[in-house]
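Listed below, chain by chain, are the residues.
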Amino acid sequence: MSVTAPRGFRAAGVVAGLKPSGNRDLALVVNDGPSRAAAGVFTRNRVKAAPVVWSEQVLKGGRVHAVVLNAGGANACTGAPGFRDTHATAEKVADVLTDSAGEVAVCSTGLIGERLPMDLLLPGVDRAAEELSRGDGGLAAADAIRTTDTVAKISFRQGAGGYMIGAMAKGAGMLAPSLATMLSVITTDADLPADALDRALRAATGVTLDRLDSDGCMSTNDTVLLMASGASGIVPAEDEFTALLTEVCGDLTRQLLVDAEGASKAIAIEVVGAASEADAVTVGRSIARNNLLKCAIHGEDPNWGRVLSAVGTTDAVFEPDELNVAINGVWVCRDGSFGDDRDKVDLRPRDVTITVDLSAGPHSATVWTTDLTADYVHENSAYST
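Looking at an unreviewed UniProt entry, the protein carries the name Arginine biosynthesis bifunctional protein ArgJ, with the source organism given as Actinomadura meridiana. Under the UniProt heading Subcellular location (unreviewed entry), the note attached to the protein is "Cytoplasm". Within the UniProt record for the protein, the comment given under Function (unreviewed entry) is "Catalyzes two activities which are involved in the cyclic version of arginine biosynthesis: the synthesis of N-acetylglutamate from glutamate and acetyl-CoA as the acetyl donor, and of ornithine by transacetylation between N(2)-acetylornithine and glutamate."

Structure (structure tokens):
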């Protein structure tokens, strides 16, 4: 049921005509309350799409009645006309819901640098409003926000007492967020205020979606929204809710990882023995973005020297002759030099784990990435043409 698993939410996914394929391309998620508390995290890219600029302003009020999402166009780098298009989209949703545009978030995904065909998008909002439902609407919405995703991505969990968290996400390329990842809408029928939702969302995304780094490219449109209807009447403890939300975000992260464009390997980079968590994340991201290593993993070559090379580009605390590296459980590097025979490493499975011990402290972090394949290059070589 995706975003409609929690009580108080309806959703729809329709064909507006934005995708040349003729597939669903516009989604609408509506919070029927009684609460409209909400929180959001967004890309840190300084080049922000118009919908991100709009939605950041909406979330300052801590309330969201509805979110409208379109695939088939990012509405990024479109100047003042693009912002007016976002405003018009929010106004259209507000009109069909008889409400204020100030509580309507907008999300877009697709090609950067072109205006959206508003003559198609706005009538699509009317159709989505007509098809809002709690039944099939959640799955239809998750399907509508896909771009190069091969499958829809949904998740839901039940908390103590019966409250629910439901979610949908899209993202297969440009996965190198600093706060969120691509587009994701998360809903709950728990009764929590906006400030608690904000703390929970930042904590959950900080160790999940924020650490997915498939290709080192940060989107202009990354958005994660969390909306609470309060329809269950349950007020969970904040730490309990955060833990459940982290499970949901972790599930979405895994789904985004395995469906990344052209990927044949899902790589977990575990950095342990760090002087700080920030050091561990910095090292993990550096390894995740090392194209030579990503090529080696694709070729099933346990070339651990490329791991050390990536570690050495960071400002993390470590001594080069105290570094240890394991690939799929085989410690191929000990004390900054050769360790166990690299021929013992089996890289045939899809899942690969690279463990780096910095021997500098008690902190750790995991960053997820993928291999670099010819399919990835092919898919992105002519995206706009």
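Structure's up, so let's keep going.
J.: I'd like to hear about the overall build of the protein, residue by residue, with values.
T.: Tallying secondary structure elements over the protein gives ten helices and 15 strands in all. In summary, the protein has a C-alpha radius of gyration of 21 Å against a globular reference of 21 Å for 385 residues, a match within 12%. C-alpha atoms of the protein, sized along the principal axes, occupy 65 × 50 × 35 Å. Across the 385 residues that make up the protein, the buried fraction comes to 57%. Within the protein, counting contacts between residues at least 6 apart in sequence, those at least 24 apart form 79% of the total. Carbon together with sulfur atoms contributes 50% to the accessible area of the protein, which is approximately 14,600 Å² in total. With 33 positive and 50 negative side-chain charges, the protein shows a spacing of 3 Å between the two charge centroids.

J.: Help me get a handle on the packing of aromatic side chains, residues and values and all.
T.: Enumeration according to the criterion identifies two aromatic pairs in this entry. Taking the centre distance of 6.1 Å and the plane angle of 55 degrees together, the rings of Trp54 and Phe83 count as tilted. Remark: Phe83 occurs in helix α2 (residues 79-97) and Trp54 occurs in helix α1 (residues 50-59); sequence separation between them is 29 residues. Geometrically, the ring pair formed by Tyr163 and Phe241 is tilted, given 6.1 Å between the ring centres and 35 degrees between the ring planes. One end of the pair, Tyr163, is in the loop between β6 (153-158) and β7 (164-170); the other, Phe241, is in helix α6 (residues 238-258), and 78 residues separate them in sequence.

J.: Describe a negative patch on the surface, with residues and values.
T.: On the surface, Glu319, Asp321, Glu322 and Asp335 cluster together into a negatively charged patch. With respect to the secondary-structure elements, Asp335 resides in the loop between β12 (330-334) and β13 (337-338).

J.: Can you break down the nonpolar core residue by residue, with the values?
T.: Grouped together as the largest cluster of nonpolar side chains are 50 residues, with contacts concentrated most on Val29, Val67, Leu69 and Met168. Broken down by element, the residue count for this core peaks at five residues, all from strand β2 (residues 26-31). With residues up to four places along the chain from it excluded, the contact list for Val29 reads Val3, Phe9, Arg10, Ala11, His65, Ala66, Val67, Met168, Val185, Thr187 and Met227. Listed in part, the 32 residues of the second largest apolar core include Val271, Val311, Val325 and Cys333.

J.: Describe in detail the sheet that holds strand β5 (residues 104-108), supporting the description with residues and values.
T.: Strand order across the open sheet formed by four strands is β1-β2-β4-β5, with mixed pairing between neighbours. What marks the edges here is a single partner per strand, and that holds for β1 (9-14) and β5. With strand direction ignored, the average angle separating the axes of adjacent strands in the sheet is 10 degrees. Relative to β5, strand β4 (residues 66-70) runs parallel, the two being bridged by five bridges. Bridge pairing in β5 links Asn70 to Ser108. Set on the sheet, helix α3 (residues 118-130) makes contact with β1, β2 and β4; between it and β2 the angle comes to about 50 degrees.

J.: Quick one: what's the story with the packing of α1 against α2, residue by residue and with numbers?
T.: Contact geometry for α1 and α2: axes closest at 8 Å, N-to-C directions at 50 degrees. Our classification of the angle between α1 and α2 gives oblique. The way α1 lies across α2 gives a crossing that is right-handed. Residues Ala50, Pro51, Val53 and Trp54 of α1 form the contact with α2, whose own contacting residues are Gly82, Phe83, Thr86, His87 and Ala90.

J.: An account of the pairing of β4 is needed here, citing residue identities and associated values.
T.: Looking along a regular strand, one sees the side chains alternate between the two faces of the sheet. Among the five residues of β4, five are classified as buried, and the element is accordingly described as predominantly covered. Where burial is concerned, the two faces of β4 agree: the one with Ala66, Val68 and Asn70 and the one with Val67 and Leu69 are both buried. In the sheet, β2 pairs with β4 via five bridges, with the strands oriented antiparallel. Bridge assignment links Leu26 to a residue of β4, and that residue is Asn70. Once you follow β4 into α2 and on to β5, the crossover reads as right-handed.

J.: Explain the packing of helix α5 (residues 194-206) against α6 residue by residue, including any values.
T.: Where α5 contacts α6, the two axes come as close as 9 Å, and the packing angle between them is 45 degrees. Taken together, α5 and α6 sit at an angle that is classed as oblique. For the crossing formed where α5 meets α6, the hand is right-handed. Each of Ala196, Leu197, Arg199, Ala200, Leu201, Ala203, Ala204 and Thr205 in α5 lies in contact with α6, whose residues at this interface are Glu238, Phe241, Thr242, Leu245, Thr246 and Cys249. A per-class count over the contact of α5 with α6 returns nine nonpolar, three polar and two charged.

J.: Can you explain the pairing of β2? Please cite residues and give values.
T.: By the criterion of burial, β2 is predominantly enclosed, with six of the six residues buried. Because side chains alternate across β2, one face comprises the buried residues Leu26, Leu28 and Val30, and the other comprises Ala27, Val29 and Asn31, equally buried. Bridge count between β1 and β2: six bridges; the pairing is antiparallel. Among the inter-strand pairings, Val14 is bridged to a residue of β2, identified as Leu26.

Rules used in this analysis
- Residues numbered from 1 in each chain as written.
- Predicted model: local features only at pLDDT ≥ 70, side-chain atom pairs only at ≥ 80, totals over all residues.
- Heavy atoms only, no water.
- UniProt positions renumbered as here; feature names shortened; annotations may be inferred.
- Helix = DSSP H or I, 4+ residues; strand = E, 2+ residues; numbered from the N terminus.
- Rg over C-alpha atoms; globule rule 2.2 N^0.38 Å.
- Buried < 20%, exposed > 50% of the residue type's maximum accessible area, 1.4 Å probe, protein only.
- Contact = heavy atoms within 4.5 Å.
- Areas by Shrake-Rupley, 256 points an atom, 1.4 Å probe, with all protein chains shown as cover.
- Lys, Arg positive; Asp, Glu negative; His and termini not counted.
- Charge placed at Lys NZ, Arg CZ, Asp CG, Glu CD.
- Phe/Tyr/Trp six-rings, centres within 6.5 Å; stacked < 30°, edge-to-face > 60°.
- Patch = residues over 30% accessible without salt bridge, like charges linked within 9 Å, V, L, I, M, F, W, Y side chains within 5 Å.
- Salt bridge = Lys/Arg side-chain N within 4 Å of Asp/Glu carboxyl O.
- Core = buried A, V, L, I, M, F, W, Y, C linked by side-chain atoms within 4.5 Å.
- Pairing = 2+ DSSP bridges.
- Axes fitted to C-alpha atoms, helices over the stretch in contact; angles between N-to-C directions.
- Parallel < 35°, antiparallel > 145°, perpendicular 65-115°, else oblique.
- Left-handed = near helix turned anticlockwise from the far one by under 90°.
- Right-handed = clockwise from strand over helix to strand, strands pointing away.
- Nonpolar A, V, L, I, M, F, W, Y, C, P; charged D, E, K, R; others polar.

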